[in-house]
Structure formats: C-alpha cells, structure tokens
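# Geometric and topological summary
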Amino acid sequence: MRKPVIAVDGYSSTGKSSISKIIAQKLGLVHMDTGALYRGITYFALTSCRLPDGNINLPALFEQLPQLKLGFRKINEELILFLDGKDITNEIRTKEVSENVSLIASQPQVRDFLLQTQRAIANDGGVILDGRDIGTVVLPDADYKFFLTASIEERTKRRFLELKNLGIEMPEEEVRENLISRDKTDSEREVAPLKQAEDAILIDNSQLTKKETIELLLSYIKEI
Ligand code: DC
C-alpha cells in the first residue's frame, strides 16, 4: 500500500517541525523540515556572500546557488542538513540566521532552486513536509494538508523556551518581534506566500499541548 504524502504549513513557532517529526516516527514516514533548507541558504549567504557593508550580496548568492552542496542525509532515520560535507543543524538556528531568513526566502531564485529538492522526496509517497507553501505550491496534490496557527503570546513563550534550551538567551520582547516580523514578510511576499491552502485543515493549537495537537492530526489522517 502506498504511504501518504502530508503537508504541514503554518506560522512560526506553532510546532510544525517537532509535531511532524513525531508523526513521521509514528507512521513510518520520512520527515523534511523545509524551513531548514531556507535557513541553510541564509547561513551560506551570511558566511560566504557579504558586501563590504555587511549586508548580504544577493547577486553573488544567486550566482553560487547551482554549485551549492546543500542537502539532507538520512542518519538514524532522520534527515540531517549538510552544507559542503558539514552538519549545520546548530548553525542554522542562530539569531542572525533567524533575522535574515525571510529576506532570503522571499527571493524567487532561492525558492526555484529549492523546489526540486522538496518535490523529489515526495515522489514515492511516505513523507511529511513542513513549511509555509507545501500545501499551496510544493505539493498541491498532497493527500493530507494541515495549517497550524496559535496566538502570538503562546508562540513567543514556546520559541523563548526553545531558544533557551539551545543555550540562546534572547529577551522575550525580541523573540516576539522576530516572530511578528517574519510572519509579516512571509505572508506578504509575492512568490509562494504563507497562506492556508483552500483544502487544508486549520488547527489552532493555542490551547493544545504538543501531544494533543499530534493526536488531533492523527485523528484526521485515520479518518480520511
Ligand atoms: O520553519 P522555520 O522558522 O525554520 O522557517 C524559516 C523561514 O523559512 C521562515 O521565516 C519562512 C521560510 N520558509 C519558507 O518561506 N517556505 C517554506 N516552505 C519553509 C520556510
């Protein structure tokens, strides 16, 4: 029997990735955190494509995209992001990457470049991809589509704790501002903006624990 293709989109810090990861384990699917790809390109741009004034040199980045060795490797049933042979899991979570990733993700050249990587993995089914445009652009024919949202207060709390656990100290107000500004840029960009697909199931998990959200998603997957 063919395993399903599942798309999970939604706002920053709604738990998309951690929830998708657990659903993948439960259902025996491969999980791809597509935000990590945009973060990986942002990390590359920040380390290798800077203008003398410190800003990112976008034309230089676009020129280097075809040679970029960025991709996932399957390690212990998990997809781990590598750049030029180096595991960059931690490097892509820094404040600097978070502050610049929406700019990079709004570039059509970057989105086109990453489209194939994302679609290729879904060819044989048995995948769950989380991101912002999976149900609308990357996998419009996905078997199941979910769109996650939660209040800004709840998301700020979650992101603050997540960063703290990673050893990154950031004032809550700054965390909140970063979430608001990223959601705004992601929703307002011209190419593949963050938006709910017409046929996606909306899940507001402001009042739900991670476990309850997972159970809710699984209940739909079983029902259909
Ligand atoms: O899920 P995340 O916070 O790690 O994503 C980082 C950024 O990447 C987010 O601000 C928007 C962008 N992104 C996107 O534009 N499309 C996707 N499919 C996934 C992420």
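Up top is the structure these notes are about.
Residues numbered from 1 in each chain as written. Predicted model: local features only at pLDDT ≥ 70, side-chain atom pairs only at ≥ 80, totals over all residues. Heavy atoms only, no water.

Scanning the model with the defined rule gives two aromatic pairs in all. With centroids separated by 5.8 Å and ring planes inclined at 85°, the aromatic side chains of Tyr11 and Phe147 adopt a geometry described as edge-to-face. Highlighted residues: Tyr11 in the loop between β1 (5-10) and α1 (16-27) and Phe147 in strand β7 (residues 144-149), separated in sequence by 136 residues. When its relative accessible area of 25% is taken as the criterion, Tyr11 is described as partly exposed. Among the residues examined, Phe147 registers a relative accessible area of 5% and is labelled buried. With a centroid separation of 6.1 Å and 55° between ring planes, the pair formed by Phe146 and Tyr220 is classed as tilted. Here Phe146, found in strand β7, pairs with Tyr220, found in helix α9 (residues 210-223); they are 74 residues apart in sequence, far enough to count as distant. Given the relative accessible area of 1%, Phe146 is considered buried. (Phe/Tyr/Trp six-rings, centres within 6.5 Å; stacked < 30°, edge-to-face > 60°. Helix = DSSP H or I, 4+ residues; strand = E, 2+ residues; numbered from the N terminus. Buried < 20%, exposed > 50% of the residue type's maximum accessible area, 1.4 Å probe, protein only.)

All right, on to the sheet that holds strand β4 (residues 78-83) then. Taken in spatial order, the three strands make up an open sheet running β3-β4-β5, and their pairing is antiparallel. The strands lining the two open edges of the sheet, one partner per strand, are β3 (70-75) and β5 (86-87). Where β4 meets β5, two bridges bridge the pair, whose relative direction is antiparallel. Paired with Leu83 across the two strands is Lys86, which belongs to β5. (Pairing = 2+ DSSP bridges.)

Locating Thr14 in the fold gives a position in the loop between β1 and α1. In this structure the side chain of Thr14 is engaged in a polar contact, spanning 2.8 Å, whose partner is the backbone oxygen of Tyr11. Residues in contact with Thr14, not counting those within four places in the same chain, are Ile19, Leu148, Thr149, Ala150, Arg155, Arg158 and Asn205. (Polar contact = N/O pair within 3.5 Å; in protein donor to acceptor, adjacent residues only side chain to side chain. Contact = heavy atoms within 4.5 Å.)

Moving on, we come to empty space enclosed by the protein. Take a probe with the size of a water molecule and roll it over the atoms, and the empty space left behind shows itself. Scanning the entire structure with this criterion turns up one cavity of 30 Å³ or more. In this model, the largest cavity occupies a volume close to 40 Å³. If you trace the largest cavity, you find it lined by Arg93, Thr94, Lys95, Ser98, Arg159, Leu163, Met170, Val175 and Asn178. Looking at the lining of the largest cavity, the elements with two or more residues in it are α4 (95-105), α7 (152-165) and α8 (172-188). In terms of residue class, the lining of the largest cavity is made up of three nonpolar, three polar and three charged. (1 Å grid on protein atoms, 1.4 Å probe; cavity = no way out; pocket = protein on both sides within 12 Å on 5 of 7 lines; lining within 4 Å. Points joined across faces, edges and corners; volume = space filled by probe spheres on them. Nonpolar A, V, L, I, M, F, W, Y, C, P; charged D, E, K, R; others polar.)

Our focus in this paragraph is the sheet that holds β1. Reading across the sheet, the five strands line up as β2-β6-β1-β7-β8 and stay open at both edges, with parallel pairing between neighbours. A strand with exactly one partner marks an edge of an open sheet, and here the two such strands are β2 (30-33) and β8 (201-204). When the angles between neighbouring strand axes are averaged without regard to direction, this sheet yields 20°. Relative to β8, β7 runs parallel, the two sharing four bridges. By the bridge assignment for β8, Leu148 is matched with Ile203. With respect to the sheet, α1 is in contact with β1, β2, β6 (127-131) and β7, its orientation differing from that of β6 by roughly 180°. Docked against the sheet, helix α2 (residues 34-48) engages β2 and β6, running at close to 40° with respect to β2. (Axes fitted to C-alpha atoms, helices over the stretch in contact; angles between N-to-C directions.)

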